[in-house]
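Below, each chain spelled out in residue letters.
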Amino acid sequence: MAGCILREIRENMSKGRQISMETALPAKKHKRTKEMTACLTESREENMTAGKALKILHLTAQKPFATGSGTYLLNLIGALSGKGCEQAVIYGIDAGEQLPEDAARRFSEARLRSYPVLYSSPELPFHVLGMSDVMPYPATRYRDLDENMLQAFETAFGQAIKTAVEAFQPDLIFCQHLFLLSALVRQLCPDQPVFAFCHETGLIQSEINPYLFARIKDDLARLEGIFALQPLQQKKILSRIPIPASRCIVTGTSCNLSVFQKENSTAKRTLAEGSGDLSNGFDKEPAGKPNCNIASGKRAGNSRSLNVHQQDNAVNASEQFARPCRLIYAGKLSRLKGVDLLLRACRLLDPEKFSLTLIGDSSDADERKLIEQLCASLTLPLQRFPRQDNAALPAFYAQADLFILPTLREGLAISILEALACGLPCLMSDLPGAPDGLLAHLLYKPEEKLPKALRFVPFPEDVSADPEALLQPAQASEEAAAAFVQNLAESIQDFAPACVSRELAFPDMSPCLASSLADRILAACEKLLA
């Protein structure tokens, strides 16, 4: 599905109605017609034949790569390009830095018009603003912004928005992250359809920086629509932003299945053919708890006895392994991602039966130091690599047996979908909403008897509703963290034999296609602009 140019916006532009920071009008209700709504539903062939194309302007305040939201943006741009859309992007990057090869190639393939905003420059004399407080590259935290820095940000991005809107004349504006930049776009473009994509970090920043959120809350409420990753996130958005429920739609995520696929590796893996119905997957509350194969023991996790050696506290290896199990983690090296908990769990594993590959970087010196200390304390074989481009990850996954993501908070883990697409079993912390959100993207054969290749590790009962409590320095938090570490170690031990033998059911990944995500988003735009 692609679209044509929305006539109302083109007419406004043709009459010389310019977007300006100095003269931006208050946001108001857009007048939509049936004819304009039909523009979004015309076929790609009709549009191309008529010489029309839906024009979409994307924005992100940070680098369009190296993070989950960056991956989301690149996947979406590629899918919309395949549907005949004409696109442009405003993004942040440090002065003197070039886009990595993969991102540059994908920008070129989409024939993207680029409007970079340069940080570490006289206009923006600080590093890129990061939506996470710990980023995989040098970054500035929102909590460290003073009024001068905030003004510099609004001026630099405001000028880029003005330039792009006047030159490109977009029909739709898509903002990554439900935070400062989305509110700024709403202020400066009151007469254009503006949509924001909520990644979990936007909600985190609203909690960390309530004074900033108070300043932008009303502007966020005037967006045409907000796209959520999963139903629980949708509920959080509606509880914080006074926007009608009909304008907050669950659209899910995607992964690049042209890169993340078993054919890109030399490992012998079998993906089960799947079939199923996604009618309950997106924009609906699941009817019941999914069959998510929570690994080992009770969901609460801290009331069961653990089979451990008294001498060294290592988890007892009761199963026989054909060979050592190769564990892997790829992502930001941060406590919020649970990397310290993973390393602590690895200290409980038999070093003759397990090895670990750790891929990623951290912008936080204290967390980097903690992770270095934990790495030095391991007795099992450890390999370390810096952050890798997406194109390089399948080769690492081909040499691994189990991908582990013990994160304490997540919107919807693209990394899990990418690993599964490569035929790599996955073990993830049982975050609130995570099983529902992920399983909406996976189709299993109803008659499949093998255990699923995705399992979830339970948190202790007293922190299961708020796993981030494990980050607190209190003694109770440390006791809960120790219990989760033991849960994680035992879950790894229990899952490892099946991961080594690959006697597991892998899902059909077709709901993860970026083209499917683009269809859901364009359908949501059509609905919201009707």
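Given the structure is predicted, the values throughout are model-derived calculations rather than measurements.

### So, the overall build of the protein chain
Tallying secondary structure elements over the protein chain gives 17 helices and 15 strands in all. Every one of the 530 residues in the protein chain was classed for burial, and the buried ones make up 58%. Carbon and sulfur atoms make up 49% of the accessible area of the protein chain, which totals about 21200 Å².

### Quick word on the environment of Q192
Within the fold, Q192 resides in the loop between α7 (180-188) and β7 (194-197). Overall, Q192 belongs to the buried group, its relative accessible area being 2%. Spatially, the C-alpha atom of Q192 lies 7.1 Å from that of L172, the residues being 20 residues apart in sequence.

### What to know about the sheet that holds strand β8 (residues 225-228)
Here we have seven strands laid out as an open sheet, ordered β3-β2-β1-β6-β7-β8-β9, and parallel in their pairing. Edge positions in the sheet fall to β3 (113-119) and β9 (248-250), since each has one partner strand and no second. With strand direction ignored, the average angle separating the axes of adjacent strands in the sheet is 20°. Two strands pair when backbone bridges link them, and strand β6 (residues 172-176) and β7 are joined in this way by four bridges, in the parallel orientation. Each bridged residue has a counterpart across the sheet, and for Q176 the counterpart in β7 is F197. Against the sheet, helix α17 (residues 514-529) makes contact with β6, β7, β8 and β9, and its axis sits at roughly 150° relative to β8, the strand it touches most.

### Some points on the nonpolar core
Of all hydrophobic cores here, the largest spans 103 residues; its most connected members are F174, L327, Y397, F403, I416, L454 and I492. Among the elements that make up this core, the one with the highest residue count is helix α16 (residues 475-501) (twelve residues). Ignoring sequence-local partners within four residues, the contact set of L327 consists of C346, L349, F354, S355, L356, T357, L402, I404 and I492.

### Quick notes on the side chain of K337
Tracing the backbone shows K337 in the loop between β10 (325-330) and α11 (339-346). At a separation of 3.0 Å, a polar atom in the side chain of K337 contacts the side chain of E410. Setting aside its immediate chain neighbours within four residues, K337 contacts Y329, K332, P406, T407 and E410.

### Here's the deal with the pairing of strand β12 (residues 382-385)
Pairing analysis gives four bridges linking strand β11 (residues 354-359) to β12, with the strands arranged parallel. Paired with L358 across the two strands is R384, which belongs to β12. The β-α-β motif built from β11, the intervening helix α12 (residues 365-376) and the parallel element β12 has right-handed crossover chirality.

### A few points about the packing of α11 against α12
One way to put it is that α11 packs onto α12 with a least axis distance of 9 Å and a crossing angle of 10°. One element, α11, and the other, α12, form an angle in the roughly parallel class. Across the interface between the two elements, V339, D340, L343 and R344 of α11 pack against L370, I371, L374 and C375 of α12. The class makeup of the residues in the contact of α11 with α12 is six nonpolar, no polar and two charged.

### Examining the environment of F195
Residue position: F195 is located in strand β7. In this structure F195 comes out as buried when scored by relative accessible area, which is 0%. For F195 and S182, which are 13 residues apart along the polypeptide, the C-alpha to C-alpha distance reads 8.0 Å. The contact partners of F195, leaving out residues within four places of it in the chain, are L172, I173, F174, C175, E224, G225, F227, C525, L528 and L529.

### Observations concerning the packing of α7 against helix α9 (residues 210-221)
Any two packed helices are characterised by how steeply their axes cross, that is the angle between the axes, and by the distance between the axes. It is at 9 Å that the axes of α7 and α9 come closest, and there the two elements cross at 45°. Considering their axes alone, α7 and α9 lie oblique with respect to each other. You can see that α7 and α9 cross each other, and the crossing is left-handed. When α7 is examined against α9, the residues L180, S182, A183, R186 and Q187 are found in contact with a partner set consisting of L212, I216, D219 and L220. Among the residues making up the contact of α7 with α9, the classes are represented as five nonpolar, two polar and two charged.

### Observations regarding the state of the cysteines
The final tally for this structure, using the stated rule, is zero disulfides. Of the cysteine sulfurs around C85, a residue in no disulfide, the closest is that of C525, at 9.8 Å. What makes C85 buried here is its relative accessible area of 6%. Among the cysteines around C255, which has no disulfide bond, C512 carries the closest sulfur, lying 4.8 Å off. Of the residues examined, C255 reaches a relative accessible area of 1% and is grouped as buried.

### Notes on the pairing of β6
Here β6 lies mainly inside the structure; five of its five residues are buried. Of the two faces of β6, both are covered, the one formed by L172, F174 and Q176 as well as the one formed by I173 and C175.

### Thoughts on α16
The terminal C-alpha atoms of α16 lie 40 Å apart, and with 27 residues this matches the ideal 39 Å at 1.5 Å per residue to within 8%. Along its length, α16 reaches its greatest deviation from straightness, about 40°, at F495, and the proline P497 lies no more than four positions downstream. Most of α16 is tucked away: 20 of the 27 residues are buried. Backbone geometry just after α16 places R502 at a positive phi near 60°.

### Focus: unusual backbone geometry
One non-glycine residue, R111, lies in the positive phi region at around 50°. Tracing the backbone through its elements, the reader meets R111 in the loop between α5 (101-109) and β3. With a phi angle near 85°, H177 is a residue other than glycine that sits in the positive phi range. With respect to the helices, strands and loops of the structure, H177 is situated in the loop between β6 and α7.

Basis of the calculations
Residues numbered from 1 in each chain as written. Predicted model: local features only at pLDDT ≥ 70, side-chain atom pairs only at ≥ 80, totals over all residues. Heavy atoms only, no water. Helix = DSSP H or I, 4+ residues; strand = E, 2+ residues; numbered from the N terminus. Buried < 20%, exposed > 50% of the residue type's maximum accessible area, 1.4 Å probe, protein only. Areas by Shrake-Rupley, 256 points an atom, 1.4 Å probe, with all protein chains shown as cover. Pairing = 2+ DSSP bridges. Axes fitted to C-alpha atoms, helices over the stretch in contact; angles between N-to-C directions. Contact = heavy atoms within 4.5 Å. Core = buried A, V, L, I, M, F, W, Y, C linked by side-chain atoms within 4.5 Å. Polar contact = N/O pair within 3.5 Å; in protein donor to acceptor, adjacent residues only side chain to side chain. Right-handed = clockwise from strand over helix to strand, strands pointing away. Parallel < 35°, antiparallel > 145°, perpendicular 65-115°, else oblique. Nonpolar A, V, L, I, M, F, W, Y, C, P; charged D, E, K, R; others polar. Left-handed = near helix turned anticlockwise from the far one by under 90°. Disulfide = S-S within 2.5 Å. Expected span 1.5 Å × (residues − 1). Bend = angle between axes of the 7 residues up to and from the residue.

Just geometry here; none of it tells us what the structure is for.
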